[in-house]
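# Analysis of the macromolecular model
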Number of protein chains: 2
Amino acid sequence: MASFIRQIPEGDNRERAVCADCGYVAYENPKVVVGSVIVADGQILMCRRAIEPRKGFWTLPAGYMELGETLEEGAAREAFEEAEAVITIDGILGVFSIARIGQVQVIFRARFTESGPPAFAAGPESLDVRLFAPDDIPWDEIAFPSVHWALKAWQAAGTGSIGRPAGNPPDDRRGVHRMPSESPFKQ
Amino acid sequence: MASFIRQIPEGDNRERAVCADCGYVAYENPKVVVGSVIVADGQILMCRRAIEPRKGFWTLPAGYMELGETLEEGAAREAFEEAEAVITIDGILGVFSIARIGQVQVIFRARFTESGPPAFAAGPESLDVRLFAPDDIPWDEIAFPSVHWALKAWQAAGTGSIGRPAGNPPDDRRGVHRMPSESPFKQ
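### Observations regarding the overall build of chain A
The helix and strand tally for chain A stands at two helices and 10 strands. From first element to last, N terminus to C terminus, chain A shows the α and β order β-β-β-β-β-β-β-α-β-β-β-α. Principal-axis analysis of the C-alpha atoms gives chain A an extent of 60 × 35 × 35 Å. Taken over 187 residues, chain A has a buried fraction of 49%. Accessible area of chain A: about 8,900 Å², with a carbon and sulfur share of 50%. Within chain A, one finds 19 positive and 26 negative side-chain charges whose respective centroids are separated by 6 Å.

### Here we look at the packing of aromatic side chains
All names here are of chain A. Under the criterion given, the structure shown has six aromatic pairs over all chains. Centroid distance Phe96 to Trp149: 5.2 Å. Interplanar angle 70°. Geometry classified as edge-to-face. Of this pair, Phe96 sits in strand E8 (residues 87-98) while Trp149 sits in helix H2 (residues 145-157), and the two are 53 residues apart along the sequence. Classification of Phe96 as buried rests on a relative accessible area of 0%. The ring of Phe57 carries the charged tip of Arg54 above its face, separated from the ring centre by 3.7 Å.

### Concerning the pattern of salt bridges
Tallying each qualifying case throughout the model produces 20 salt bridges over all chains. Linking A:Arg14 and B:Glu66 is a salt bridge whose minimum nitrogen-to-oxygen distance equals 3.6 Å. Within this pair, whereas A:Arg14 is found in the loop between strand E1 (4-7) and strand E2 (16-19), its partner B:Glu66 is found in the loop between strand E7 (62-64) and helix H1 (71-83), the two belonging to separate chains. Judged by its relative accessible area of 8%, B:Glu66 falls in the buried class. One salt bridge in this structure joins A:Arg16 and B:Glu66, with 2.6 Å as the shortest N-O distance. Of this pair, A:Arg16 sits in strand E2 while B:Glu66 is found in the loop between E7 and H1, placing the two residues in two different chains.

### Describing the nonpolar core
Most often, soluble globular proteins keep nonpolar side chains buried together rather than apart. Counting 22 residues, the largest nonpolar core has A:Val37, A:Ile44, A:Met46, A:Leu60, A:Ile137 and A:Leu151 as the members making the most contacts within it. Broken down by secondary-structure element, the contributors of at least two residues to this core are strand E4 (31-40), strand E5 (43-49), E8 and H2 of chain A. Those residues in contact with A:Ile137 that lie beyond four places of it in its chain are A:Ile44, A:Met46, A:Phe132, A:Ile142, A:Leu151, A:Trp154 and A:Gln155. One finds B:Leu93, B:Ile98, B:Trp149 and B:Ile162 within the second-largest nonpolar core, a separate group that totals 21 residues.

### Notes on the relation of the copies chain A and chain B
Overlaying chain A on chain B yields an RMSD of 0.0 Å, the required transformation being a rotation through 180° with an accompanying axial translation of 0.0 Å. Expressed as a symmetry operation, the mapping of one chain copy onto the other fits a two-fold axis.

### Thoughts on the interface of chain A and chain B
Each side of the interface is counted separately: chain A has 40 residues, and chain B has 39 residues. Interface area for chain A against chain B, summed over the two sides, is near 3,600 Å², with a carbon-plus-sulfur share of 53%. The interface formed by chain A and chain B holds six salt bridges in total. Of the charged contacts in the structure, one is a salt bridge between B:Glu73 and A:Arg174, with a shortest N-O distance of 2.6 Å. Along the contact surface separating chain A from chain B lie 16 residue pairs in polar contact (both at pLDDT 80 or more). Elements with a minimum of two residues in the side of chain A that touches chain B: E4, helix H1 (71-83) and E8 of chain A. If you tally residues by element for the side of chain A that touches chain B, the top one is E8(A), at six residues.

### Section: the sheet that holds strand E3 (residues 25-26) of chain A
Residues and elements named next belong to chain A. With antiparallel pairing, three strands are arranged side by side in an open sheet as E1-E2-E3. For this open sheet the edge positions go to E1 and E3, each flanked by a neighbour on one side alone. Relative to E3, E2 runs antiparallel, the two sharing two bridges. From the neighbouring strand, Ala17 faces E3, where its bridge partner is Ala26.

### Notes on H1(A)
The end-to-end C-alpha distance of H1(A), which contains 13 residues, comes to 18 Å, matching closely the 18 Å that a straight helix rising 1.5 Å per residue would cover. Among the residues making up H1(A), those that are buried are A:Leu71, A:Gly74, A:Ala75, A:Arg77, A:Glu78, A:Ala79, A:Glu82 and A:Ala83.

### A word on the environment of B:Arg173
With respect to the helices and strands, B:Arg173 occurs in the segment after helix H2 (145-157). What makes B:Arg173 exposed here is its relative accessible area of 53%. Spatially, the C-alpha atom of B:Arg173 lies 15 Å from that of B:Val147, the residues being 26 residues apart in sequence. With residues near it in sequence (within four places) discarded, B:Arg173 still touches A:Thr70, A:Glu73 and B:Asn168.

### A closer look at the pairing of E5(A)
All names here are of chain A. The element E5 is largely enclosed, with a buried count of five among its seven residues. Bridge analysis of E4 against E5 gives two bridges, and the strand direction is antiparallel. Pairing of Ala40 across the sheet is with Gln43, part of E5. Here E4 hands over to E5 after two residues, with Asp41 in that stretch at a positive phi of 55°. The pairing of E5 with strand E10 (residues 126-132) spans six bridges and is antiparallel. Within E10, the residue paired with Arg49 across the bridge is Ser126. Across two bridges, the pairing between E5 and strand E6 (residues 58-59) is antiparallel. Residue pairing in the sheet places Cys47 in a bridge with Thr59 of E6.

Conventions adopted
- Residues numbered from 1 in each chain as written.
- Chains lettered and ligands numbered in written order.
- Predicted model: local features only at pLDDT ≥ 70, side-chain atom pairs only at ≥ 80, totals over all residues.
- Heavy atoms only, no water.
- Helix = DSSP H or I, 4+ residues; strand = E, 2+ residues; numbered from the N terminus.
- Buried < 20%, exposed > 50% of the residue type's maximum accessible area, 1.4 Å probe, protein only.
- Areas by Shrake-Rupley, 256 points an atom, 1.4 Å probe, with all protein chains shown as cover.
- Lys, Arg positive; Asp, Glu negative; His and termini not counted.
- Charge placed at Lys NZ, Arg CZ, Asp CG, Glu CD.
- Phe/Tyr/Trp six-rings, centres within 6.5 Å; stacked < 30°, edge-to-face > 60°.
- Lys NZ or Arg CZ within 6 Å of the ring centre and 35° of its normal.
- Salt bridge = Lys/Arg side-chain N within 4 Å of Asp/Glu carboxyl O.
- Core = buried A, V, L, I, M, F, W, Y, C linked by side-chain atoms within 4.5 Å.
- Contact = heavy atoms within 4.5 Å.
- Least-squares fit on C-alpha atoms with pLDDT ≥ 70 in both.
- Buried area = accessible area lost by both parts, 1.4 Å probe.
- Polar contact = N/O pair within 3.5 Å; in protein donor to acceptor, adjacent residues only side chain to side chain.
- Pairing = 2+ DSSP bridges.
- Expected span 1.5 Å × (residues − 1).

Next up, the structure:
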């Protein structure tokens with residue numbers, strides 16, 4: 001079994017986990033989460049989480065980007081895995097840094113690719129998937145601060161073309177606040 | 001020493017590198033590169049690479065985002081490491097996927113924080129650092145396609161407020177082309 005020690009590899013300037021036996025450097029970098037606000041007739045698709053953390057709370061279809069895919073492909077894959085939704089990406093709504101947990105989140109606005117009644121269903125990581133009108137969004141049961149930020153960015157962007165993406169809000173510039181009690185974002 | 005095997009962990013849906021001894025799952029995900037087009041009096045700062053790949057070619061100050069920092073903090077750190085430039089971020093110019101090498105690149109527009117003559121110098125990974133007027137940009141000696149894309153996004157955005165970020169160009173939607181001979185981006 002590998003025994004990792006912390007040391008600065010040659011040509012680097014910070015400590016990494018290095019295997020004491022073979023010298024393998026296990027670089028750890030932030031991970032990218034890709035997701036989307038999927039809009040149909042002014043309503044948006046949300047998923048009720050079937051897994052921890054924040055099981056039972058509402059989120060957007062989103063998850064870790066995988067090797068070999070683009071940001072847009074990852075967001076579309078997550079929409080299918082979590083909500084069985086086949087989507088087309090419109091543009092970037094928000095780009096967020098969650099420094100506390102080493103995440104970058106890229107959230108797109110999207111729509112259902114097929115015309116007609118929206119087709120979706122709960123995937124294995126969702127208890128429920130529903131379309132919400134803007135006035136019915138369950139603000140008190142949102143899973144993560146960044147879901148708030150993305151929904152606010154969607155509301156701010158309106159239905160037209162998407163401009164400058166939202167970043168972290170000024171009162172959580174580095175993504176260090178948790179949900180729900182510490183969050184300054186509850187309505 | 002760890003002997004990794006490829007298998008699908010419980011609750012996952014794709015093969016990962018799993019340690020045959022202890023079950024540790026080595027998730028491999030795309031890495032984030034952060035960088036900036038640093039503007040001073042209409043000129044932009046570029047670095048001539050002192051290291052492979054593409055040693056001797058020109059690039060923007062950019063590099064891998066580290067744990068514990070935001071996108072903007074990472075871009076500012078890279079500007080200091082590679083060009084000894086202290087910068088202030090204006091906004092996002094481009095968000096690119098380079099699926100071929102598992103990268104996401106977030107490129108900002110920035111300026112020197114201090115007023116007065118721009119202060120910069122070559123860091124250890126740069127042979128040279130220079131300000132280029134738009135007409136003097138060394139288009140034939142650019143290190144990577146995404147540097148082209150970022151420079152084009154900077155030219156398109158102009159000097160005002162930044163709107164929708166650029167994505168990959170339509171003829172390289174997934175970031176699969178290399179520099180220089182295969183590149184469709186040479187001028």
